[in-house]
Amino acid sequence: QVQLVESGGGLVQPGGSLRLSCAASGYTFSDYEMGWFRQAPGKEREFIAHISWSGGMTEYGDSVEGRFTISRDSAKNRVYLQMNSLKPEDTAVYYCAAARLILTMVWVASEYDYWGQGTQVTVSS
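In this report, the structure presented in the accompanying data block is examined. None of these values were measured; they are calculated from a predicted model.

## Focus on the overall build of the chain
Phase 1 of the analysis: For the chain, the count of helices and strands is 0 helices and 11 strands.
Phase 2 of the analysis: If you list the helices and strands of the chain from N to C, you get β-β-β-β-β-β-β-β-β-β-β.
Phase 3 of the analysis: For 125 residues, the compact-globule estimate of 2.2 N^0.38 gives 14 Å, and the chain sits close to it at 13 Å.
Phase 4 of the analysis: Seen through its C-alpha atoms, the chain measures out along the principal axes to roughly 40 × 25 × 25 Å.

So this is what it looks like as structure tokens:
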């Protein structure tokens, strides 16, 4: 059974940093592409970042480019999202997702096969 469990969310002041972690189990982690999305109240789910199965390719949403970094550790079956220079508008529930096939439209949520339950990130002073 595939499981994705996010952790690392919390309350942080504007300008601060957080690192989210997503622990994967129940499948061959290195065969899957991984992504992070977020959803704020009353808004659609937004693409944040994607990393290829090898870790050699990454892509980011425009709103986080240059501030967030996605990475993966196949030995630990984990994917990470390092978030720096956080802003109040980054407040949302953050989800990790896994895709079995090599993706072309990495920003489309329906392209991913498995999802975690999410972790809340709140940026506020």
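Structure shown, so let's carry the discussion forward.
## Topic: the state of the cysteines
Note: disulfide means a covalent bond formed between the sulfur atoms of two cysteine side chains.
Phase 1 of the analysis: Overall, the coordinates contain 1 disulfide when judged by the stated rule.
Phase 2 of the analysis: Here Cys-22 pairs with Cys-96 through a disulfide, and the sulfurs are 2.0 Å apart. Taking the torsion about the sulfur-sulfur bond, which here is approximately 40°, the covalent link between Cys-22 and Cys-96 counts as right-handed. Note that Cys-22 is positioned in strand 3 (residues 18-25) and Cys-96 in strand 9 (residues 92-99), a separation of 74 residues in sequence.

## Some thoughts on the packing of aromatic side chains
Phase 1 of the analysis: Taken as a whole and assessed by the stated rule, the structure comprises 8 aromatic pairs.
Phase 2 of the analysis: On the basis of an interplanar angle of 55° and a centroid distance of 4.2 Å, the ring pair of Tyr-27 and Tyr-32 is categorised as tilted.
Phase 3 of the analysis: Its relative accessible area of 11% is what places Tyr-32 among the buried residues.
Phase 4 of the analysis: Judged by centre distance (6.2 Å) and plane angle (40°), the rings of Tyr-32 and Tyr-114 are tilted. On the criterion of sequence distance, the pair formed by Tyr-32 in the loop between strand 3 and strand 4 (33-39) and Tyr-114 in strand 10 (residues 114-115) is long-range, its members being 82 residues apart.
Phase 5 of the analysis: Overall, the relative accessible area of 26% leaves Tyr-114 in the partly exposed class.
Phase 6 of the analysis: In this structure an aromatic cluster arises from ring pairing among Tyr-27, Phe-29, Tyr-32 and Tyr-114.
Phase 7 of the analysis: Above the face of the Tyr-80 ring, Arg-19 is positioned so that its terminal group lies 4.2 Å from the ring centre.
Phase 8 of the analysis: Over the aromatic face of Trp-115 sits the side chain of Arg-45, whose NZ or CZ is 4.8 Å from the ring centroid.

## As for the sheet that holds strand 7 (residues 68-73)
Sheets are built from strands that pair by backbone hydrogen bonding, the pairs being arranged parallel or antiparallel.
Phase 1 of the analysis: On the basis of which strands lie adjacent, the open sheet formed by 4 strands has the order 1-3-8-7 and antiparallel pairing. Where the open sheet ends on each side, the last strands, each with one partner, are strand 1 (3-7) and strand 7. Each strand of the sheet is rotated relative to its neighbour by a mean of 15°, with strand direction disregarded.
Phase 2 of the analysis: As defined by bridge partners, strand 1 adjoins strand 3 across 5 bridges and the pair is classed as antiparallel. Following the sheet pairing, Gln-3 is matched in strand 3 by Ser-25.

## A closer look at the pairing of strand 3
Working note: regular strand, side chains alternate between the two faces of the sheet.
Phase 1 of the analysis: In this structure, strand 3 lies alongside strand 8 (residues 78-83), joined through 6 bridges in antiparallel fashion. The residue bridging Ala-23 from the neighbouring strand is Arg-78, located in strand 8.

## A few points about unusual backbone geometry
Phase 1 of the analysis: Even without a glycine there, the phi angle at Asn-77 is positive, about 55°.
Phase 2 of the analysis: Phi is positive for Ser-85, which is not a glycine, with a value near 50°.
Phase 3 of the analysis: Relative to the helices and strands, Ser-85 is located in the loop between strand 8 and strand 9.

Rules behind the numbers
- Residues numbered from 1 in each chain as written.
- Predicted model: local features only at pLDDT ≥ 70, side-chain atom pairs only at ≥ 80, totals over all residues.
- Heavy atoms only, no water.
- Helix = DSSP H or I, 4+ residues; strand = E, 2+ residues; numbered from the N terminus.
- Rg over C-alpha atoms; globule rule 2.2 N^0.38 Å.
- Disulfide = S-S within 2.5 Å.
- Phe/Tyr/Trp six-rings, centres within 6.5 Å; stacked < 30°, edge-to-face > 60°.
- Buried < 20%, exposed > 50% of the residue type's maximum accessible area, 1.4 Å probe, protein only.
- Lys NZ or Arg CZ within 6 Å of the ring centre and 35° of its normal.
- Pairing = 2+ DSSP bridges.
- Axes fitted to C-alpha atoms, helices over the stretch in contact; angles between N-to-C directions.

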